[in-house]
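# Coordinate analysis (summary)
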Amino acid sequence: MLKDCNISEINRNLLSRTVTLAGWVDRRRDHGHLIFIDLRDRSGVVQLAFNPEVAAGTHETANSLRNEYIIQVTGVVSRRPAGTENPKLLTGDFEIAVNRLTILSAAKTPPFYINEEAEVDENVRLRYRYLDLRRSRMRHNLMLRHQVIRYIRNHLEERDFIDVETPILIKSTPEGARDYLVPSRVYPGKFYALPQSPQQMKQLLMVAGVERYYQIAKCFRDEDTRADRQPEFTQLDLEMSFIDEEDILRLMEELFTGLVETLKPDFRLVKPFARLTFTEAMERFGSDKPDLRYGLEIKDVSSILAGSEFGVFSSAIYAGGRVRGIAVPGCGGYSRRELNELNDIARSIGAGGVVTVSLDSSPATIEEIEMQDVHSIAAKYLNIEQVKAIAKKLDARPGDLILLAAGKDSLTSAVLDKLRREMALRLQLADSKMFHFCYVTGFPLFYRDEANSRWDSVHHPFTSPCEEDKHRIESEPDKVTSRAYDLVLNGFEIAGGSIRIHEPDLQRKVFRLLAYTDEQIEERFGHMMEAFSYGAPPHGGIAAGIDRLVMLLAGESSIREVIPFPKNQNAQDLTFGAPDYVSAEQLDELHICINSENKLKGK
Ligand code: ASP
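Given the structure is predicted, the values throughout are model-derived calculations rather than measurements. (Residues numbered from 1 in each chain as written. Predicted model: local features only at pLDDT ≥ 70, side-chain atom pairs only at ≥ 80, totals over all residues. Heavy atoms only, no water.)

## Let's talk about the overall build of the protein
Test applied: Helix and strand assignments follow DSSP, with helices taken as H or I runs no shorter than four residues and strands as E runs no shorter than two, numbered in order from the N terminus. Only protein chains enter the accessibility calculation, which uses a 1.4 Å probe; a residue whose area is less than 20% of its type maximum is buried, one above 50% is exposed, and one in between is partly exposed. Residue contacts are defined here by distance: any two heavy atoms, one from each residue, within 4.5 Å place the two residues in contact.
Counting secondary structure elements, the protein contains 16 helices and 24 strands. With the C-alpha coordinates aligned to their principal axes, the bounding extent of the protein is approximately 95 × 75 × 55 Å. Burial status across the protein gives 48% buried among its 603 residues. When contacts within the protein are restricted to residue pairs at least 6 apart in sequence, long-range pairs at least 24 apart make up 66% of them.

Structure representation (structure tokens):
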């Protein structure tokens, strides 16, 4: 090799020894006739000292070095003079007294500093991703991602799982998103689809007798990109035969507990993982992916307000809705402007607004509160007993702000979930070093897609109904509970899966409810139905989003920070410049004709 060791290996055992190192010039400092260079490789940074009295020619070459030049140096490992040590560096007690220097590669001035964590425009970072990845934060994220995947692989392989590759060019799979399509050259007019997940393949592997499958799988979904979405992303995908829900939940709990405790020992992990049913999660947090690191629980106060003359409450209750609320500690003194901001948040998701009730902080207890301490547009319709009852129900204290939403459950849930997250952010209630996992179970199997007047799957069509509800599929589809489960971490859904249908007749019944004709079932899922007719074991599985998991472990707020080469927010790869036009010849070969002008390369 062009080097004897990694920089992080420089330690006192090497004192007075001659070593050859190679790496990047991190920065240069000229001190009179001495030149100091911080040399960086993947493992760390060490100081090089160039002294004209030791090696005159080398010192001269060192003068020409610029940041990011790649060099090879040979020199003696020495102790830094007392008082010049750098405790921030692992190698901070040492320096290399260089006597030979070779420039391996010159470098242009990079478009941003590699040796600083300064804010840089994301599109510039993505255009020069190979430079961005040289920066220490990104190097750390890349390494963490590698460690996470390695941990997962070891954990599962110790438990008899085998890694099976599944194809990328397949037929469309119904995960609810738009497919990426790949035109076939050999079959004009036909297309492959990129897998939205290996769902059907892993189920076929169970039919094949694999019993325990896993894969770190790439999935492709053509959706609008958001902070935690990418057109292509990575899942830990797994499937098991002869199991029920508890086996999967236990496996994942052990996996994630071990992973967090090993890779992030300084995090506070709540054990055992919390468990909520879907109904409970919606009732208490207004969301099926609640952040449990803080309280601000939602409570129903409709019964206290029944008969209220305040139109917002009475009309909601009259229409079969409810009034629900949360109490936010210490925000009773919020200004008009701050209260308006909260109203705007409620309006942004389609509510008429949120009713705010501000409580003065002067009374010692809620019992002592009087109407003059209560500020709200609803105040004149409330009596003090109602205020006290609401405050008690919500665990509010003097000085708190009560937020009430009225209407049907789907609306009040959405509003209060949003406000709950907003207030937690403002009050910094969520500890970023805390990992609060939570399983959510008991989801409905179907939901009514009102826009298209049809039933759709909440999870995907291969999810099994629970045993007691099988007979309701045709008669009361809305009452069927599924055998699906989600794993939620700090307000993010990080895994989802289910026990699958393994009986062809039941699968057919579900497809029919989803309004597939028998011809469509045959055309789209004939391969699954046929496979299942040859004997399918009871099976189930789960898939976990690796990008999101690593994002949370790294303390980042976007998955782009933990994906080596992500697309930007407009689904573009700025390093390669994809997507791009292609040549007329390529299109011809693929039997594709573009129907708008200027769509060929070079035109
Ligand atoms: N294929 C599902 C998904 O990608 C996960 C599963 O059911 O295992 O969401």
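## A short note on the nonpolar core
This is how it is decided: Remark: nonpolar core denotes a set of buried residues (Ala, Val, Leu, Ile, Met, Phe, Trp, Tyr, Cys) joined through side-chain atoms within 4.5 Å.
Residues Ile-152, Leu-236, Leu-238, Met-252, Phe-256, Phe-435 and Phe-437 are the most contacted members of the largest nonpolar core, which totals 44 residues. Of the residues forming this core, the biggest block, 8 residues, is contributed by helix α6 (residues 245-263). Ignoring sequence-local partners within four residues, the contact set of Phe-437 consists of Phe-256, Val-260, Leu-269, Phe-273, Ala-274, Leu-487, Val-488, Leu-489 and Ile-494. Grouped together as the second largest cluster of nonpolar side chains are 23 residues, Leu-14, Val-19, Ile-35 and Leu-101 included.

## Focus: the environment of Ala-531
With respect to the secondary-structure elements, Ala-531 resides in helix α14 (residues 518-532). Residue Ala-531 is classed as buried on the basis of its relative accessible area of 15%. Here the alpha-carbon distance between Ala-531 and Gln-203, two residues 328 residues apart in the chain, equals 9.5 Å. With residues up to four places along the chain from it excluded, the contact list for Ala-531 reads Leu-204 and Val-207.

## What about a nonpolar patch on the surface?
Stated precisely, the cut-off is as follows: For patch detection, residues must exceed 30% relative accessible area and be free of salt bridges, and they are connected within 9 Å for like charges or within 5 Å for nonpolar side chains (Val, Leu, Ile, Met, Phe, Trp, Tyr). Computed by Shrake-Rupley with a 1.4 Å probe, the accessible areas treat only the displayed protein chains as cover when residues are assessed. Each salt bridge in this description consists of a side-chain nitrogen of Lys or Arg and a carboxyl oxygen of Asp or Glu lying within 4 Å of one another.
Where nonpolar side chains cluster on the molecular surface, the patch consists of Ile-168, Leu-169 and Tyr-192 and spans about 250 Å² of accessible area. Tracing the sequence through the fold places Tyr-192 in strand β8 (residues 191-193).

## So, the sheet that holds strand β15 (residues 355-359)
Basically, it comes down to this: The pairing criterion is simple: DSSP has to find at least two bridges between the two strands. Helix axes use the C-alpha atoms of the stretch in contact, all axes being lines fitted to C-alpha atoms, and the angles between their N-to-C directions lie in the range 0 to 180 degrees.
The 5 strands lie next to each other as β13-β14-β17-β15-β16, forming an open sheet whose pairing is antiparallel. Edge strands, defined here as strands with exactly one partner in the open sheet, are β13 (299-300) and β16 (374-375). The sheet contact formed by strand β14 (residues 322-328) and strand β17 (residues 401-407) spans 7 bridges and is antiparallel. Among the inter-strand pairings, Val-328 is bridged to a residue of β17, identified as Leu-401. The strands touched by helix α9 (residues 311-318) are β14, β15 and β17; relative to β17, the strand with the most contacts, the crossing angle is about 40°.

## Comments concerning the environment of Asn-6
For the record, the criterion: Any N or O atom pair separated by 3.5 Å or less is treated as a polar contact, with the protein-specific requirement of one donor-capable and one acceptor-capable atom, and with residues adjacent in sequence counted only for side-chain atom pairs.
Along the chain, the position of Asn-6 falls in the segment before β1 (18-31). Looking at Asn-6, its side chain comes within polar contact range of the side chain of Lys-3, at 3.1 Å.

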